[in-house]
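Residues per chain, in single letters:
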Amino acid sequence: MKKKITTLAAMLALCISTSLGQTTVIPEPTVMDEPAWNGKVITGKRAKTITLKRQRIRQIEPTIDYDGWLEEKGVRKTRYLSGEHPEYAPEEYNGQKVRGWLSFDDCDIIIYGNKYDTDKTFMIIADPTSGEVEHCIDFSKWAYPEKVPVNNRDFVRMEIFNAIVENGILYVGYGHYTYASSSYGQNAYITAIDLSTMKQLWTTKPLTCGSTFVIIGNSIVCGYGFTNEPDFMYVIDKTSGMRRQTLKVPNAPEEVVVKGKQILVRTYSYDITYSYQ
């Protein structure tokens, strides 16, 4: 059950009762401006980034059993996409159901948005220990890219694939699930957002990140590909959004995780291991 809080300090928040009877206070959402649909990186800035080297590659059967793949690799699951959420978080926010939950040691990221039938997407970032919601962001202006043919509108609705918070910066990966040509190439990005100001710092070039990504030092490792489109892994400079390394892969990267000194990649039908230095 939702209700407005009447105290002056809480007039900018919602007080929501969870299924356990707990009360979670969610701040008034910050409406995020549209991203730079053609990309906007920081030029003239270069940090030391890692270099990937392929160690192993083997062909596997296509599957959507990503949980099984993570278990096989001995990697902790951090992404939940079937309505799961932490106990303190409401099942619904502003009329939108839980769409995804990203669970990390230092923060929970819960994404709300009814699949296929809404242009609204909200994200709350909370302390996983106390359940205190630190940020609430409205990503509804990101629902559609700048260029959308009328007959393709329903197919190019943007979704958040992944998100990571590090040192006060939110890195968000997002895109749609059909051909890049359906939105004139405007698809599959990472945008960095300063949570202290809610300003966007940079946005990668289009067709950079179509699934999960990981952060190692000053590097973001991600990938993009699709049927009848080029398939690549990228190392991105997290201080600027610039691509620093490009590696061809057989088909679209679908899961990217880090384990020790290795990057493990599950593509549509290949299992690839990279070392990095």
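Predicted, not measured: the structure shown is a model, and the values here were computed from it.

Reading guide: rules and limits
Residues numbered from 1 in each chain as written. Predicted model: local features only at pLDDT ≥ 70, side-chain atom pairs only at ≥ 80, totals over all residues. Heavy atoms only, no water. Helix = DSSP H or I, 4+ residues; strand = E, 2+ residues; numbered from the N terminus. Contact = heavy atoms within 4.5 Å. Pairing = 2+ DSSP bridges. Axes fitted to C-alpha atoms, helices over the stretch in contact; angles between N-to-C directions. Core = buried A, V, L, I, M, F, W, Y, C linked by side-chain atoms within 4.5 Å. Buried < 20%, exposed > 50% of the residue type's maximum accessible area, 1.4 Å probe, protein only.

Caption draft 1: How the structure looks around the environment of Gly173. By secondary structure assignment, the location of Gly173 is in strand β13 (residues 169-175). Gly173 sits 12 residues away from Phe161 along the chain, and the two C-alpha atoms are 5.4 Å apart. Residues in contact with Gly173, not counting those within four places in the same chain, are Glu159, Ile160, Phe161, Asn162, Tyr189, Ile190 and Phe213.

Caption draft 2: Geometry of the sheet that holds strand β12 (residues 159-166). Pairing within the open sheet is antiparallel, and its 4 strands lie in the order β12-β13-β14-β15. Edge strands, defined here as strands with exactly one partner in the open sheet, are β12 and β15 (199-203). Neighbour-to-neighbour, the strand axes of this sheet turn through a mean angle of 25°, independent of strand direction. Across 7 bridges, the pairing between β12 and β13 is antiparallel.

Caption draft 3: Representation of the nonpolar core within the structure. Ranked by internal contacts, the top residues of the largest apolar core, which has 36 residues, are Ile109, Met123, Phe139, Leu170, Tyr171, Val172 and Phe213. Here this core takes 5 residues from β13, the largest share from any one element. Val172 has contacts with Met123, Phe139, Trp142, Ile160, Asn162, Ala163, Tyr189, Ile190, Thr191, Ile193 and Phe213, leaving out every residue within four places of it along the chain. Counting 15 residues, the second-largest nonpolar core is a separate cluster that includes Ile50, Leu52, Val256 and Val265.

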